[in-house]
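Coordinates in review
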Amino acid sequence: MKTLLGKRLASSVSSVGSMMLFLMFAAFSLVMISVGAATYSRISDSYRDSFSSTAAVRYVTNKIRSGERAVIENGGKGIAVYSGEMVCVIMTDNDSIGERNVRASSYVEYVGGDVIFPGTELAIGEHDGVFEIVAISGDDICVGYCKCKG
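Residues numbered from 1 in each chain as written. Predicted model: local features only at pLDDT ≥ 70, side-chain atom pairs only at ≥ 80, totals over all residues. Heavy atoms only, no water.

Observations concerning the overall build of the protein chain
The number of helices and strands found in the protein chain is one helix and eight strands. Secondary structure elements of the protein chain, listed N to C terminal, follow the sequence α-β-β-β-β-β-β-β-β. For the protein chain, the C-alpha radius of gyration of 30 Å lies well beyond 15 Å, the compact-globule estimate for 150 residues. When the backbone C-alpha atoms are referred to their principal axes, the protein chain occupies close to 105 × 30 × 25 Å. For the protein chain, with 150 residues in total, the buried portion stands at 29%. Contacts in the protein chain between residues at least 24 apart in sequence constitute 39% of all its contacts with a sequence separation of at least 6. A total accessible area of about 9900 Å² is found for the protein chain, and carbon and sulfur atoms account for 61% of it. The averaged location of the 16 negative side-chain charges in the protein chain is 18 Å from the averaged location of its 14 positive side-chain charges. (Helix = DSSP H or I, 4+ residues; strand = E, 2+ residues; numbered from the N terminus. Rg over C-alpha atoms; globule rule 2.2 N^0.38 Å. Buried < 20%, exposed > 50% of the residue type's maximum accessible area, 1.4 Å probe, protein only. Contact = heavy atoms within 4.5 Å. Areas by Shrake-Rupley, 256 points an atom, 1.4 Å probe, with all protein chains shown as cover. Lys, Arg positive; Asp, Glu negative; His and termini not counted. Charge placed at Lys NZ, Arg CZ, Asp CG, Glu CD.)

What follows is the structure in structure tokens.
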């Protein structure tokens, strides 16, 4: 009888030990997954902010360089780039950068249009014919300078 009781006790202890090791492994795995997810989230947010601001500056500078003339309006929050019969209006609207194309003969509004960079704001200035474009997305700020073709 003693031998049977000893075998049952040893079997129970072995099972409990195995279960404890499995629970420790599962808890450690969950901790590692949550740490990895938090790290990925920070990297992803930083990359998205950085990409949005740098891409916005590149886009606006390329539009200005390709136009015949450019006029800053709306307190530096918008710019109208004239190319022949068309005007490309790029502006900050509802915390995003939007763009619309209209005929040069029509009234130019600095609202609406297609959102091209969500969550990014634009500020434009001009000093001695050189345009300064500042794009702000989250904590990231990107600055670019360019001249108009005309």
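Topic: the side chain of T61
When you line up the elements, T61 lands in helix α1 (residues 2–66). Sequence-distant contacts of T61, that is, excluding residues within four places in its chain, are made with I133 and C146.

Describing the nonpolar core
Core analysis: the biggest nonpolar cluster contains 20 residues, and I64, A70, I79, I90, L122, F131 and I133 have the highest contact counts within it. Counting only elements with at least two residues in this core, the list comes to α1, β2 (78–83), β3 (86–93), β6 (120–127), β7 (130–137) and β8 (140–147). In terms of residue count, the dominant contributor to this core is α1 (five residues). Residues within four places of L122 in sequence aside, it is in contact with V60, G76, K77, I90, T92, I97, I133 and V134. Within the second largest apolar cluster, eight residues are counted, among which are A80, V87, V89 and V102. (Core = buried A, V, L, I, M, F, W, Y, C linked by side-chain atoms within 4.5 Å.)

Structural notes on the sheet that holds β2
Note on sheets: strands pair through backbone hydrogen bonds, and any given pair is parallel or antiparallel. Strand order in this open sheet of five strands is β1-β2-β3-β4-β5, and the pairing throughout is antiparallel. Two strands close off the open sheet at either side, each with one partner strand: β1 (69–73) and β5 (114–118). Here the strands of the sheet are splayed against their neighbours by 20 degrees on average, with no regard to which way each runs. Sheet topology note: the β3/strand β4 (residues 96–103) ladder contains eight bridges and is antiparallel. What sits directly across from V89, in β4, is R100. (Pairing = 2+ DSSP bridges. Axes fitted to C-alpha atoms, helices over the stretch in contact; angles between N-to-C directions.)

Observations concerning the packing of aromatic side chains
Within this structure, the stated rule accounts for one aromatic pair. Plain terms: the ring middles of Y59 and F117 are 6.0 Å apart, the flat faces sit at 70 degrees to each other, and that makes the pair edge-to-face. Of this pair, Y59 sits in helix α1 while F117 sits in strand β5, and the two are 58 residues apart along the sequence. (Phe/Tyr/Trp six-rings, centres within 6.5 Å; stacked < 30°, edge-to-face > 60°.)

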